[in-house]
Amino acid sequence: MPRSAVGSTRASSSHSTRAASSRSEGRQGGGGGGGGGVSIWDVAVNEGRKRRQDLVNDTERTSREATVMLVGTRGAGKTTLLQKFLDREETARHTLALEYTYGRKTGRTLVKDVCHLWELGGGSLFTPLLSTPLTPRILPRLSFVLVLDLSHPQTLWTDLVTLLAALKEEVGKAASSVPGLRASLEAAAVKRLQAGANTLEAEVKPFLVPLVIVGGKYDVFQNLEPEGKKMICRALRFVAHTHGASLQFFSARDPGLVKKAKELLSHLAFGTAESRNLAQDYNKPLIIPAASDTLAAINLNEDLTLDTWGHKFTAKYPQERQEGSSAMPEDPARDPTYAEPDVDNLRAQKDEELERIRREVGRNAARWADLDLT
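So, a few notes on the structure that sits alongside this text. (Residues numbered from 1 in each chain as written. Predicted model: local features only at pLDDT ≥ 70, side-chain atom pairs only at ≥ 80, totals over all residues. Heavy atoms only, no water.)

**Overview of a positive patch on the surface**
Alright, step 1. Judged by side-chain charge, Arg 356, Arg 359, Arg 363 and Arg 367 come together as a positively charged surface patch.
Alright, step 2. If you trace the backbone, Arg 359 turns up in helix α12 (residues 341-370).
Alright, step 3. Judged by relative accessible area, which is 44%, Arg 359 ranks as partly exposed. (Patch = residues over 30% accessible without salt bridge, like charges linked within 9 Å, V, L, I, M, F, W, Y side chains within 5 Å. Areas by Shrake-Rupley, 256 points an atom, 1.4 Å probe, with all protein chains shown as cover. Salt bridge = Lys/Arg side-chain N within 4 Å of Asp/Glu carboxyl O. Lys, Arg positive; Asp, Glu negative; His and termini not counted. Charge placed at Lys NZ, Arg CZ, Asp CG, Glu CD. Helix = DSSP H or I, 4+ residues; strand = E, 2+ residues; numbered from the N terminus. Buried < 20%, exposed > 50% of the residue type's maximum accessible area, 1.4 Å probe, protein only.)

Okay, structure coming up:
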């Protein structure tokens, strides 16, 4: 090889070595310009480390656990509301006493937030059953959804007052069973409402846990005469506001109201952002978050209390006994939804045996009655 060619090769190799050294120094210290800046390589490395640490933190995070209980008028739409929230398509059926299900929500990691969902059937008939799941442990993360039937104002006020009283009693018993728990819940309730209002009115006595009053069957309610709708809306606003509760109307036939209801339940169940949209026009579906209403706007400068509202409501809509809320439901064994062939066949055999024994007892009783023992 000629001498000039060797020299050229060495010069090229030396240049490449210096360039590689320069790139390495740029990665390690200063961006190659001597100005002390951060290179793109440094940014990428730091971002990768940050993401790995975030992943570790999220993995170590314990899941959020909440409880939501749905109570209300029989047939008002509790089951439908729950199925819409869980994106279930099966046909709604009547709830038997107290039923349980759950929902899960997964974030960026494998950690799943869980919400325990309880639904109480039978209106006010089975409210004592609430004492079973209502333990002191769940109270700090418990919410109630009270569903009323707007399409039947002749029972609405009675259902509202009766169910509210039952919920207060059951929650109060659970809160009072642990020293200091009731005071803690009261302080949390006041803080929760103060976050949504400039001032907390003296007439407001917050419910111990978050409460939402849902007016179901709005699609039927909207066809009532205007003055009746106005009075019902004002009465419900008064009860919700004085209890520190949210008020929202719902219809499974209205996609917009379904979406709003799902957002509300998601907030209660998983702590997602709460919508602060406000709709107070009685000609439209009411959407009133807790502490966003005022007594002046509701009462229209009248001096009205719960008793006076009850008198006004029942004077216009005399309350009647609703059989669906107070009577025992039909025997679920006769409902084809709950069919169990093995169990049903065995029960049929036992029913036949019982009927045979009854007939024998009847015949024996008749024989003894015919005997003259005197």
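Continuing now.
**Quick notes on the sheet that holds strand β1 (residues 65-72)**
Alright, step 1. With respect to topology, seven strands assemble into an open sheet ordered β2-β3-β1-β4-β5-β6-β7, the strand pairing being mixed. Strands at the two margins of the open sheet, each flanked by one partner only, are β2 (98-106) and β7 (287-288).
Alright, step 2. As paired strands, β1 and strand β4 (residues 142-149) are joined by six bridges and run parallel to one another. Counterpart to Gly 72 in the pairing with β4 is Val 147.
Alright, step 3. Across the sheet, helix α3 (residues 78-85) lies against β1, β2, β3 (112-120) and β4, angled at about 165° from β3, the strand it touches most.
Alright, step 4. With respect to the sheet, helix α4 (residues 153-176) is in contact with β1, β4 and β5 (211-216), its orientation differing from that of β4 by roughly 165°. (Pairing = 2+ DSSP bridges. Contact = heavy atoms within 4.5 Å. Axes fitted to C-alpha atoms, helices over the stretch in contact; angles between N-to-C directions.)

**Quick notes on the packing of aromatic side chains**
Alright, step 1. A full pass over the atoms with the stated rule returns nine aromatic pairs.
Alright, step 2. Note on Tyr 218 and Phe 249: the rings are 5.8 Å apart at their centroids and 35° apart in plane angle, and the pair reads as tilted. Taken together, the positions of Tyr 218 in helix α6 (residues 218-221) and Phe 249 in strand β6 (residues 246-249) put the pair 31 residues apart, joining distant regions of the chain. In terms of burial, Tyr 218 and Phe 249 fall into one category: buried. (Phe/Tyr/Trp six-rings, centres within 6.5 Å; stacked < 30°, edge-to-face > 60°.)

**A word on the pattern of salt bridges**
Alright, step 1. Under the defined criterion, the tally for this structure stands at 13 salt bridges.
Alright, step 2. For Asp 219, the salt bridge is made with Arg 253, and the minimal N-O distance between the two is 3.2 Å. Here the residue Asp 219 occupies a position in helix α6, and Arg 253 occupies one in the loop between β6 and α8 (255-270), the gap between them amounting to 34 residues.
Alright, step 3. Note on Asp 219: relative accessible area 23%, which makes it partly exposed.
Alright, step 4. Looking at Arg 253, the relative accessible area reads 71%, which means it is exposed.
Alright, step 5. Between Glu 353 and Lys 350 there is a salt bridge, with its nearest N and O atoms 3.9 Å apart. With a gap of three residues between them, Glu 353 and Lys 350 both fall in helix α12, about one helical turn apart.

Function cannot be read off these values alone, since they describe shape.
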